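Descriptive structure summary
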Amino acid sequence: MNKRCTLLTRLSIRARSTGDEENSSSTTLDTSRYTFFFHEFSLSFQNLIARVSPGKKWLENCRAYSVPASSKVVRDERFATLDDQDIKHFSGIVGSKGLVVDKDELEVANTDWMRKFKGSAQLLLRPQSSNQVAEILKYSSSRRIAVVPQGGNTGLVGGSVPVFDEVIVNLGAMNSIISFDEVSGILICEAGCILETLDKFLADKGFMFPLDLGAKGSCQIGGNVSTNAGGLRLIRYGSLHGNILGLEVVLSDGTILDMLSSLRKDNTGYDLKQLFIGAEGTLGVVTKVAVLTPQKLPSVNVGFLACTDYTSCQKMLLEARKHLGEVLSAFEFIDSFALDMVLKHSGHRHPLPDAKEKFYLLIETTGSNQSHDKEKLDNFVETVLTQGLVVDGTIAQDNTQISNFWHIREAWFLQLPPLGKAGAVYKYDLSIPIKDLYNLVEILRERLGGLATVVAYGHLGDGNLHLNISAPDYDEKASFFFQIEPFVYEWTAAHKGSVSAEHGLGFMKAHAIHYSRSPETVELMRKMKAMLDPNGILNPYKVIA
Amino acid sequence: MSMNPFCEIAVEEALRIKEAGRASEVVVVSMGGEQCVETIRTGLAMGADRGLHVITQDSSSLFPLAVAKLLQALVSSEQPRLLLLGKQAIDDDCNQTGQMVAGLLGWPQATFASKVSISDDKESVCVEREVDGGIETIQLQLPAVVTADLRLNTPRYATLPNIMKAKKKSIQRVTPEELNVVIGSDLEVLEVTEPPKRKAGVMVASVDELLDKLKNEARVF
């Protein structure tokens, strides 16, 4: 057993580290062989887990594959190392204001939101215009300097920080709102605009941004677009693929691709902007965005409801769709374990102190007519109370209560991790058929016993589970970690789910794409990447490693 | 329309007094236009027994003295033993109504309450007040007027079963005329202005530039 594991380990490193010497024409890593071994190994791995208790040394040797690439990836030596010439050249492009070499600032920019991933970039650039971005990329391409496009650095999969010494190109200085059409609601702005700033700007005009998420105070629209962020109201406003009307993107060779159309309908040729939405900065750098924004409707109601079991939650979703219909704007859930940790660490109080239920739902309605919405909500509440689907609940009576309820739901992103309040949190963002969604949580709880706390919350209306496992610290050698990966991915794949519903693959899940995509699909993705970024300088080691 | 936060604390205190068995009924009162009904419903959803709505044409003409006179009229018909108010309204920040109505009724008053305890015989109330020097503890004969301060309690969320029950609770409507109160405009608002907008800071690129601006623009030295 030992020998086979070691052999597989060695092969894996070889396939991973550099591109195959035989295929010198392509710079993409040939990991097809790696993928095969991964599959074979992970299947036998599951058998091993069933028979042998975790913690045995040889098992730890064997699990070489199944851990995230962080411990296995080697710096691609084809990328140049920065020298003084380069820094001088960049300084000429962005000016002294746009060049950051300060140790403290770099430390922050090199570390991700979860404090799980840390790069060692020696240089951060803050371009002030698309032209500057174009010049940066053109030069970087010619010198083969790897770059990481960065926005608000709120990503959860290590996609926004360098893995090694890649140069960080932060779009934060490009934060102007270019135009807003008050009739059509079409907003055009630069990629570095902070989401909350855009929403406030729109609110003054009676509109709202169709995307909302916990990170809104820090995240930038360029990053949101590049990760196809889903957020809290996807159930009502749809995804960015539908709301983004146009993009301006800078390609790896410095070409500025102007697809900044602000037309609601434009069926002329291939809709290339869709490629960049969700590409996580690996195909091009988004510099400008044109968004269709909906009307900001005045009547908002939020209910915080307690359910006994997961089946009730599912039925609640059906009832909500039936009774609330077009005014339903959010359907979120949080389980009691997650809620307990929030209440312990965030200073909020329990909205339903007498309820000791396992599941809590946050349901929001947004509409144009308060009395109409209140009536719908009252009917809905009466129905679900009579049917016994809901044991207790409260409806927010004013804006303060509304924001309190939302803070509770968003605390797992906003307060607990950045303040280190939940220890090391392993986050998994999965799309699972709604009926099976919570089974994974219960299975994991059993597997892990008391070794770590498993909490769950998420966008139940979209079938999106945010699974969080809280441990004392990040230690991929800890025996319990074994029980999590790759089990979570395999279970999700077996139930035809997605290993990344909305967070993206980034660095953390770069090796996991095959759990949710066929080999042919991944192969075509590699070809597109090779075509658009032949030198592989855009956000390397990420998405499809 | 949301309830004035201090009034919400007053409602919560009233409910706690009732739950402790020291009161038999909690009545919530609001004065103004139709939006008041929503606020009263919130009070009922929290657990109050019934509501009283004094309808006036225009809420903005209700200054503290008018409110105090209307309350005085309501008190004479309702005969409550305790009148609980928020210490002030957050729209005008007057902090006058509680004191004025106590004066009109000739009742003892305890304002800025941070703790309220009704005696066992329900004849008096002991109130801890937040004053500049610290906490002042006073005892009042009932009936009395108490105004609530921030630290008195944390108001409960209205739960669904109570929200449902609240729909069946009654809200009685009265007009100032029925109460024989003439609402005079004893105060005239001359002007309401925002404080001057804070000027945005200026980012400087170097210490030299900072010194230059301090010397030549801010004229600090």
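Procedures and definitions
Residues numbered from 1 in each chain as written. Chains lettered and ligands numbered in written order. Predicted model: local features only at pLDDT ≥ 70, side-chain atom pairs only at ≥ 80, totals over all residues. Heavy atoms only, no water. Helix = DSSP H or I, 4+ residues; strand = E, 2+ residues; numbered from the N terminus. Rg over C-alpha atoms; globule rule 2.2 N^0.38 Å. Buried < 20%, exposed > 50% of the residue type's maximum accessible area, 1.4 Å probe, protein only. Pairing = 2+ DSSP bridges. Contact = heavy atoms within 4.5 Å. Buried area = accessible area lost by both parts, 1.4 Å probe. Salt bridge = Lys/Arg side-chain N within 4 Å of Asp/Glu carboxyl O. Polar contact = N/O pair within 3.5 Å; in protein donor to acceptor, adjacent residues only side chain to side chain. Nonpolar A, V, L, I, M, F, W, Y, C, P; charged D, E, K, R; others polar. pLDDT = per-residue confidence, 0-100. Axes fitted to C-alpha atoms, helices over the stretch in contact; angles between N-to-C directions.

Looking now at the overall build of chain B. Broken down by element type, chain B carries 6 helices and 8 strands. Taken against the 2.2 N^0.38 rule, which gives 17 Å for 221 residues, the C-alpha radius of gyration of chain B at 23 Å runs more than 25% over that of a compact globule. Across its three principal directions, the C-alpha atoms of chain B cover 75 × 40 × 40 Å. Here chain B, with 221 residues, has 40% of them falling under the buried criterion.

Turning our attention to the pairing of strand S12 (residues 359-367) of chain A. All names here are of chain A. Taking burial as the measure, the 9 residues of S12 include 9 buried ones, the bulk of the element. Neither face of S12 is left uncovered, since the one carrying Phe-359, Leu-361, Ile-363, Thr-365 and Gly-367 and the one carrying Tyr-360, Leu-362, Glu-364 and Thr-366 both have all their residues buried. As defined by bridge partners, strand S10 (residues 299-307) adjoins S12 across 9 bridges and the pair is classed as antiparallel. Its bridge partner being in S12, Phe-304 is matched across the sheet by Leu-362.

Tallying the contact residues gives 20 residues for chain A and 15 residues for chain B. Both sides of the chain A and chain B interface together cover about 1,500 Å² of buried area, and 60% of this is carbon and sulfur. Counting the contacts that link chain A with chain B gives 2 salt bridges. Among the ionic pairs, A:Glu382 bridges to B:Lys167, the shortest N-O distance being 3.8 Å. Seen at the junction of chain A and chain B, the total is 5 residue pairs in polar contact (both at pLDDT 80 or more). When residues of the side of chain A that touches chain B are assigned to their parent elements, the largest contribution, 5 residues, is made by helix H14 (residues 370-386) of chain A. Broken down by class, the residue content of the side of chain A that touches chain B amounts to 8 nonpolar, 7 polar and 5 charged.

Averaged over all residues, the pLDDT of chain B is 92; the fraction at 70 or higher stands at 99%. Under the prediction, the complex receives an ipTM of 0.74, its pTM being 0.80.

Below, the discussion takes up the pattern of salt bridges. Scanning the entire structure with this criterion turns up 35 salt bridges over all chains. B:Glu25 is paired through a salt bridge with B:Arg50; the nearest N and O atoms lie 2.8 Å apart. Residue B:Glu25 is located in the loop between helix H1 (5-19) and strand S1 (27-32), and its partner B:Arg50 is located in strand S2 (residues 50-55); the two are separated by 25 residues in the primary sequence. Judged by its relative accessible area of 40%, B:Glu25 is partly exposed. Overlapping salt bridges bring together A:Asp212, A:Lys216, A:Arg233, A:Glu364 and A:Glu410 as one network.

Moving on: the sheet that holds S12(A). Residues and elements named next belong to chain A. One open sheet accounts for 7 strands, arranged S13-S10-S12-S11-S15-S16-S14; its pairing is antiparallel. Edge strands, defined here as strands with exactly one partner in the open sheet, are strand S13 (392-395) and strand S14 (424-431). Averaged over all adjacent pairs, the angle separating strand axes in this sheet is 15°, with direction ignored. Here strand S11 (residues 328-335) runs beside S12; their pairing, made up of 7 bridges, is antiparallel. Note on S12: the bridge partner recorded for Phe-333 is Leu-361. On the sheet, helix H16 (residues 437-448) packs against S11, S12, S14, strand S15 (453-459) and strand S16 (464-471) and is oriented at approximately 15° with respect to S16.

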